[in-house]
Amino acid sequence: MSPTQLIRAFILERKWGYLAAVLAIGMAQFFQVRIPHILGKFINRLKLGGSTEHIILGFALELAVVAAGYVIFFGFGQTQVGRLGRTWEYEMRQHLFSHWETLSSRYFQQHSVGDLLNHSLNDVTAVRQALSMGLNQISQAVFLFIATLYMTIRTIDLKLTLFSLVPLLLIPVVIAIIRPQVRLRSRLVQEGLSDMSELAEESFQAIRLIKAASNEPIEVARFADKTQTIVDRQMNLVRLNTLFQALVPLLSGIGFTVGLVYGGWLVIHGQISLGSFVAFTVYLSMLVQPLMQFGIVINLFQNASASIVRLQVLLAEEPDIRDPAEPVVRDVWRGALKIQRLTFQYPNSEHPTLQNVSVDVPEGRTLGIVGRTGAGKTTLLNLILRDYDPPAGTVFFDGVDIRDMRLQDLRELIAYVPQDGFLFSTTIGHNIAFSRPQVVPEDVEEAARQSRIWETIEGMPDGIDTEIGERGIMLSGGQRQRTAIARALIKSEAKILMLDDSLSAVDTRTESEILRVLRQVRGKKTCIIAAHRLSALRDADWIIVLDKGRIVQSGIHEDLVRQPGLYRELYQIQTGGEPAHA
Ligand SMILES: Nc1ncnc2c1ncn2[C@@H]1O[C@H](COP(=O)(O)OP(=O)(O)OP(=O)(O)O)[C@@H](O)[C@H]1O
């Protein structure tokens, strides 16, 4: 659904709530316009003389009743409108987040986090302001304007009202001229804010790198540059808004002068009473308020319409990786994997990253993937996960093209340890139980023991409830990797375990301990281990050697080290030039 449709549906669904709010705000204005009328009557009555105490008390009581009516109706309307606006904001943010969750990695590579946050914060807020404050102000303004005009024409003088009104009618003209500029400048401010949050986020993520390079002053200067741009753009907007907001009272002031001159003349010539003239001046000043509000509302709606366009673009984004129309569903999957003549090119890339890759991994077997950096190992794993879509007829799970499987089934069947072993800023226990929030602590412990992180956890102040800082900053690289492996192992019913260079940061002893655990898993799960370090692959049932996206060698470790080729080269480098032997 587009944001416009969403807004329409939202308002329609709550039409009675909105109607009650608008009517209450309108009613409040009718109470408000009674005040000058009472004042005028009071002055005229005072002029007649008589028992003043009694008169004053009577008028005071009338004023108090009117003021109470205003407060009750306005209070109700304002609260109601505010509540509806907040509900919209909540629902829209939920909607946006759910939508983003359907999109693939490709989308997040092409859009900055700063921009997305800007959408979910500022754009949604801009629409909310139009739906709450905007509606509140426009209801007030329309009702007050009509009611005031009605009162001045009916109870005072038509000509006096019309003459004073002429300068005020120029206000919409002024607004029409300034309006497009306000919109442009407010968009520039929003873009500047988005740039700034993007830079701050990147900088915080890279804080270790920045400190290691003593780059703090450069980062601070870059940030200052961004904030200066925002200030400049905000000042441009403020100047224009000031002009805009000054012109409205100026025009009202001219109307006021006309009213004073002509109204005074009418009083001198006895055509209206002094009380009516006083009431009229109050009415005129009351007309300024709705006109100012028209200006504010126009600004709010301008901002909201720019935000709606951005939200429109965002929600129009279709997920590029989806469930098939008629998925193949099975009760039991075994976990055999077959890759057949797989060639793949990233959308923004000029050359294929993988070329004609074929390999068969029977269920319960282990495939090792080795290759220099950039050879395409991660890409191959990402394609098996359908993080990017492989071409049809190239990747099969138990003989079924993975594109014909339900995404949820496929991903339930795979336990994956990504290269960066991403950890969330929560407790170590929650990180391990990430894909299985309902598991019991014993399962967390079991997975942690298998991945050799349990000892570390036991030494932590709060055990599995220890907070590990932003993205696991309190853990070492190896501890992070072992935590990520535990997270995969806890997914016990997965049929395929994929490790993307996940042992690179652990010492060789820990590596062989983890490999021993993986050996126990073997036979029950199909394992795919991508690695630079050949020691991680020694036990694999089959190894493929990737070079620039092609399989250049394949076989078992013992054979590969004997053959001349890339594998032996890597082996010799890693074993310090030892002669190749099994
Ligand atoms: N999202 C992407 N868009 C475009 N090109 C990409 C993308 N991801 C990876 N590549 C390119 O594809 C090639 C293979 O990258 P990949 O990450 O699969 O290699 P790798 O063998 O896992 O390397 P490493 O061992 O360094 O992790 C590289 O040239 C890389 O620049």
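Within each chain, residue numbers correspond to sequence positions counted from 1 in written order. Given that the model is predicted, a residue must reach a pLDDT of at least 70 before its local features are reported, and side-chain atom pairs must reach 80 or more before they are shown or counted; all residues, however, enter totals for whole chains, interfaces and linings.

As recorded by an unreviewed UniProt entry, the protein chain carries the name ABC transporter ATP-binding protein and is attributed to Sulfobacillus harzensis. UniProt positions are given in the numbering used here, feature names are shortened, and annotations may be inferred rather than shown by experiment. Under the UniProt heading Subcellular location (unreviewed entry), the entry covering the protein chain gives this text: "Cell membrane".

1. A word on the overall build of the protein chain
Across its full length, the protein chain carries 20 helices and 10 strands. This entry defines residue contacts through backbone-placed C-beta atoms, with two residues in contact when those atoms are within 7 Å. Sequence-distant contacts in the protein chain: of pairs separated by 6 or more residues, those separated by 24 or more amount to 78%. In this description a helix means any DSSP run of H or I spanning at least four residues, a strand means any run of E spanning at least two, and both kinds are numbered starting from the N terminus.

2. A closer look at the sheet that holds strand E8 (residues 526-531)
Pairing within the open sheet is mixed, and its six strands lie in the order E6-E7-E8-E3-E9-E10. What marks the edges here is a single partner per strand, and that holds for strand E6 (414-417) and strand E10 (550-555). Each neighbouring strand pair of the sheet contributes to a mean axis angle of 15°, computed without reference to strand direction. One ladder, built from five bridges, connects strand E9 (residues 542-547) with E10; its direction is antiparallel. Bridging across to E10, Leu546 finds its partner in Ile551. When DSSP finds at least two bridges between two strands, those strands are taken to pair. Helix axes are fitted only over the stretch in contact, all axes being lines through C-alpha atoms; the angle between N-to-C directions runs from 0 to 180 degrees.

3. Some words on the sheet that holds strand E4 (residues 395-397)
Strand order in this open sheet of four strands is E2-E1-E4-E5, and the pairing throughout is antiparallel. The sheet is open, and its two borders are formed by strand E2 (354-361) and strand E5 (400-401), each paired with just one other strand. Direction of pairing for strand E1 (residues 337-344) relative to E2: antiparallel, over a ladder of five bridges. Of the residues in E2, the one forming a bridge with Ile339 is Val359.

4. Looking at the site of the ligand
Surrounding the ligand, one finds 14 residues, the nearest of these being Tyr346, Thr373, Lys377, Thr378 and Thr379. The element best represented in the shell around the ligand is helix H12 (residues 377-384), accounting for three residues. Class assignment for the residues of the shell around the ligand results in two nonpolar, 11 polar and one charged. Being near a molecule or strand means, for a residue, that its C-beta atom, positioned from the backbone, comes within 6 Å of it. We call Asp, Glu, Lys and Arg charged. Ala, Val, Leu, Ile, Met, Phe, Trp, Tyr, Cys and Pro are nonpolar, and the rest, Gly among them, are polar.

5. Comments concerning the UniProt feature "transmembrane region" (unreviewed entry) in the protein chain
Sequence positions flagged by UniProt for "transmembrane region" (unreviewed entry) are, in local numbering, residues 16-35, 55-76, 138-156, 162-178, 243-265 and 277-301. The straight-line gap between the two end C-alpha atoms of residues 16-35 is 29 Å; of that span, 95% is helix and 0% is strand. Helix makes up 100% of residues 55-76 and strand 0%, and the two end C-alpha atoms of the span are 32 Å apart.

6. A few points about the pairing of E9
By the bridge criterion, five bridges tie strand E3 (residues 366-371) to E9 in an arrangement that is parallel. Its bridge partner being in E9, Val370 is matched across the sheet by Val545. Between E9 and E10, which pair antiparallel and follow one another directly, the connecting turn spans two residues, one of which, Lys548, has a positive phi of 50°.

7. Observations concerning the packing of helix H3 (residues 34-48) against helix H11 (residues 274-316)
Close contact between H3 and H11 brings their axes to 7 Å; oriented N to C, the two are set at 160°. In terms of orientation, H3 lies roughly antiparallel with respect to H11. In the crossing of H3 with H11, the sense of the turn from one axis to the other is right-handed. Between H3 and H11, the residues in contact are Pro36, His37, Leu39, Gly40, Lys41, Ile43 and Asn44 and Leu274, Gly275, Ser276, Val278, Ala279, Val282, Tyr283 and Met286, respectively. Looking at the contact of H3 with H11 residue by residue, the class counts come to nine nonpolar, five polar and one charged. When an angle is under 35 degrees it counts as roughly parallel; over 145 it counts as roughly antiparallel; between 65 and 115 it counts as roughly perpendicular; any other value is oblique. Take the far helix as the reference: if the near one is turned anticlockwise from it by less than a right angle, the crossing is left-handed, and if turned clockwise, right-handed.

8. What to know about the environment of Ser305
With respect to the element layout, Ser305 can be found in helix H11. C-beta crowding within 10 Å serves as the criterion here: with 14 such atoms nearby, Ser305 is assigned to the partly exposed category. Sequence spacing of Ser305 and Asp123 is 182 residues, and the spatial spacing of their C-alpha atoms is 9.4 Å. Exposure criterion: with C-beta atoms placed from backbone coordinates, a residue whose C-beta has 20 or more other C-beta atoms within 10 Å is buried, one with 12 or fewer is exposed, and one in between is partly exposed.

9. Comments concerning the packing of helix H2 (residues 15-32) against helix H4 (residues 52-102)
Put simply, H2 and H4 touch, their axes get as near as 8 Å, and they point 155° apart. In this view, H2 runs roughly antiparallel relative to H4, as classed from their interaxial angle. Between H2 and H4 the crossing geometry is left-handed. Between H2, through Gly17, Tyr18, Ala20, Ala21, Ala24, Ile25, Met27, Ala28, Phe31 and Gln32, and H4, the contact on the second element is made entirely by Val66, Gly69, Tyr70, Phe73, Phe74, Phe76, Gly77, Gln80, Val81 and Leu84.

10. Side note on H4
Every helix has an expected span of 1.5 Å times one less than the residues it contains. Taking 1.5 Å as the rise per residue, H4 with 51 residues should run 75 Å; its terminal C-alpha atoms sit 74 Å apart, in good agreement. For H4, every residue scored as buried is listed here: Phe73, Gly77, Gln80, Val81, Leu84, Gly85, Trp88 and Met92. On its buried face, H4 sits against helix H1 (3-13), H2 and helix H6 (113-155).

11. Observations regarding unusual backbone geometry
For Arg341, which is not glycine, the phi dihedral falls at a positive 40°. With respect to the helices and strands, the residue Arg341 is situated in strand E1. Overall, the presence of 11 C-beta atoms within 10 Å leaves Arg341 in the exposed class. Residue Asp398 is not a glycine yet carries a positive backbone phi of 50°.

12. Considerations on the nonpolar core
What we call a nonpolar core is a set of buried Ala, Val, Leu, Ile, Met, Phe, Trp, Tyr and Cys residues whose membership is set by joining through C-beta atoms within 7 Å. The biggest cluster of nonpolar side chains holds 69 residues, and the ones touching the most others in it are Ile414, Met498, Ile528 and Ile529. Contact partners of Met498, with chain neighbours within four places excluded, come to Leu381, Ile384, Ile414, Tyr416, Val417 and Ile528. If you look at the next biggest cluster of nonpolar residues, it comprises 44 residues, including Ala126, Leu144, Val248 and Ala304.

13. What about the environment of Lys491?
With respect to the helices and strands, the residue Lys491 is situated in the loop between helix H17 (477-489) and strand E7 (496-500). Lys491 gets classed as buried once you count the C-beta atoms within 10 Å, which come to 20. When the C-alpha positions of Lys491 and Tyr416 are compared, they lie 9.4 Å apart, and in sequence the two are 75 residues distant. Contact partners of Lys491, with chain neighbours within four places excluded, come to Ala415, Ser435 and Arg436.

14. Quick look at the confidence of the model for the protein chain
A residue-level look at the protein chain finds 98% of positions with pLDDT of 70 or above and a mean pLDDT of 87. Scored as a whole, the predicted complex attains pTM 0.70, and scored at its interfaces, ipTM 0.96. The quantity called pLDDT is the predictor's confidence in a given residue, expressed from 0 to 100.

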